[in-house]
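Letter by letter, the chains look like this.
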Amino acid sequence: MTLVRLGYVAMSMELKNASPSQTMTFTQFQKIADRDAAIRKLERIARSNLTNTLRLLKHTVASEIHFYRLTSRLIPLAYHRELLDWDFIMPIKDLLKEIGTYIQEHQLRVDFHPDHFVLLNSPNKDVFHQSILTLKMHYLILKAMKIDRTHRCVIHVGGKYMDKEKSLEQFIETWMDVPTGIQKLIMLENDDTSFTLEDMLYLCQKLNIPLVFDYHHHLALHQDSNWQRHWDSIVQSWEHSPLPIKMHISSPKSEKSFRHHADYIDSKLFFDFLHEIKGSIPQIDCMIEAKQKDKALFKLMEEIKNRDDVEVVDGSSFNLK
DNA sequence: GTCGGTCAAGGTCTG
DNA sequence: CAGACCTTGACCGAC
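Residues numbered from 1 in each chain as written. Chains lettered and ligands numbered in written order. Predicted model: local features only at pLDDT ≥ 70, side-chain atom pairs only at ≥ 80, totals over all residues. Heavy atoms only, no water.

Student: Any chance you could break down the overall build of chain A for me, citing the residues and the numbers?
Tutor: The secondary structure content of chain A amounts to 11 helices and 10 strands. Its C-alpha atoms give chain A a radius of gyration of 20 Å, near enough to 20 Å, the size a compact globule of 321 residues would have. For chain A, the C-alpha atoms occupy an extent of roughly 60 × 45 × 40 Å along the three principal directions. In chain A, of all internal contacts separated by at least 6 residues, the share reaching a separation of at least 24 is 78%. Accessible surface, chain A: about 15,000 Å² in total, of which carbon and sulfur atoms supply 50%. Here chain A carries 41 positive and 43 negative side-chain charges, and the mean point of each set is 5 Å from the other. (Helix = DSSP H or I, 4+ residues; strand = E, 2+ residues; numbered from the N terminus. Rg over C-alpha atoms; globule rule 2.2 N^0.38 Å. Contact = heavy atoms within 4.5 Å. Areas by Shrake-Rupley, 256 points an atom, 1.4 Å probe, with all protein chains shown as cover. Lys, Arg positive; Asp, Glu negative; His and termini not counted. Charge placed at Lys NZ, Arg CZ, Asp CG, Glu CD.)

And the structure:
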């Protein structure tokens, strides 16, 4: 038997006025003549984002969901080049701790997916440095939440820079310059434009990083469509993780825009996949990446209730028979 | 309130 | 080598 748990991403289509990603651009920031006042405004936005995150987490628990992706936009302009003197944690420490306590009390799995501007293999030192700072922000947030920092940030390899092999080697080289605390945060995901499952396995095995398998990306970009023969290696990359293996599930929007996420999940495709891995692992956490966010998860759960090949555990988890 | 345009970022593609 | 486009949710001004 394999226990499957479902999660959703960073916002709710059901809760109203609950954005955890309100923002201020640097252009807006500069328009405010009083810099201190502008920083206070950033802090008010961050507090609003965290208050809404707590609302979202309560909605998550109430919906019997145990797995949630925090947005990486909780604190606007954190570690922006012109705001390096701003201590962005201190003014929100109380809320971060409250959220962390809630997460622990309800045994939620939370993680982040920093955006695609985190490029650890960039040949440009400034870009690399800014990427480290972005990851450090994630580190500090988790630390203030008092959550174990191991394997909490999913990222992609980065750019191809016109030479894929060289870019992979570049990742390995710069990995040595990544502070240990930040290395431990990282999971790597195969993407849909540059780096395949095989590329990820090469890096993950070499650097001992858990591999987050994105099935949709694999369908969009692969050397060999047969992912099954790599499944054991994917599982193995999680051997030293305190967390269960996790993967990403989404469905193509259409044949024409294959790479875009559809509103909902194609449950047939999803279950065909699950039946192939059934029994190979005790548990798997599947992050549902759909335009309709939590609504897509709820729809999926309704469909699952009517299936005879599963044993429903609660709102968002089930055993595969 | 609804709309289309704009904002950010770095990479990648086009001309 | 310049400029458009990609992606995302939020935001903004116009009506």
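Student: Which residues make up the protein's contact with DNA strand B, and what values go with them?
Tutor: All residues adjacent to DNA strand B are T25, F26, T27, Q28, F117, L119, S122, G159, K160 and Y161. Considering DNA strand B, the proportion of its atoms within 4 Å of the protein that are sugar or phosphate atoms stands at 72%. K160 places a polar main-chain atom, nitrogen or oxygen, 2.7 Å from a phosphate oxygen of DNA strand B. Between Y161 and DNA strand B, the recorded distance is 2.5 Å, taken from a side-chain N or O atom to a phosphate oxygen. (Near = heavy atom within 4 Å. Polar contact = N/O pair within 3.5 Å; in protein donor to acceptor, adjacent residues only side chain to side chain.)

Student: Summarise the packing of helix 5 (residues 164-175) against helix 7 (residues 197-207); cite the residues concerned and give the values.
Tutor: With their axes 11 Å apart at the nearest point, helix 5 and helix 7 run at an angle of 25 degrees to one another. On the basis of the axis angle, helix 5 is roughly parallel to helix 7. Handedness of the helix 5/helix 7 crossing: right-handed. On the side of helix 5, the interface is formed by K164, L168, E169, F171, I172 and W175, while helix 7 contributes D199, Y202, L203, K206 and L207. In terms of residue class, the contact of helix 5 with helix 7 is made up of 7 nonpolar, no polar and 4 charged. (Axes fitted to C-alpha atoms, helices over the stretch in contact; angles between N-to-C directions. Parallel < 35°, antiparallel > 145°, perpendicular 65-115°, else oblique. Left-handed = near helix turned anticlockwise from the far one by under 90°. Nonpolar A, V, L, I, M, F, W, Y, C, P; charged D, E, K, R; others polar.)

Student: Run through the packing of helix 2 (residues 35-62) against helix 3 (residues 93-105), naming residues and quoting values.
Tutor: Between two packed helices, the angle of one axis relative to the other and the distance separating the axes together describe the packing. Helix 3 packs onto helix 2 with a crossing angle of 10 degrees between their chain directions and a minimal axis gap of 10 Å. With respect to each other, helix 2 and helix 3 are oriented roughly parallel. Contact with helix 2, carried on its side by R47, L50, T51, T53, L54, L57, K58 and V61, involves D94, L95, L96, E98, I99, Y102 and I103 of helix 3 and no other residues of that element.

Student: Lay out the pattern of salt bridges in plain terms, naming residues and giving numbers.
Tutor: Applying the stated criterion across every chain, the model contains 14 salt bridges. Two residues, K164 and D199, come together in a salt bridge whose shortest N-O distance is 2.9 Å. Remark: D199 occurs in helix 7 and K164 occurs in helix 5; sequence separation between them is 35 residues. The buried category is assigned to D199, whose relative accessible area is 6%. One salt bridge connects D224 with R229, and the closest N-O pair in it is separated by 2.5 Å. The network of salt bridges with shared partners includes R5, R109 and D285. (Salt bridge = Lys/Arg side-chain N within 4 Å of Asp/Glu carboxyl O. Buried < 20%, exposed > 50% of the residue type's maximum accessible area, 1.4 Å probe, protein only.)

Student: Which residues make up the protein's contact with DNA strand C, and what values go with them?
Tutor: The immediate surroundings of DNA strand C are formed by S19, S21, Q22, T23, Q28, R73, H116, H260, K291 and K293. Each atom of DNA strand C within 4 Å of the protein was classed as base or backbone; sugar and phosphate made up 86%. Measuring from a phosphate oxygen of DNA strand C, one finds a backbone N or O atom of T23 at 3.1 Å. The side chain of K293 places a nitrogen or oxygen atom 3.1 Å from a phosphate oxygen of DNA strand C. Among the residues making up the surface near DNA strand C, the classes are represented as no nonpolar, 7 polar and 3 charged.

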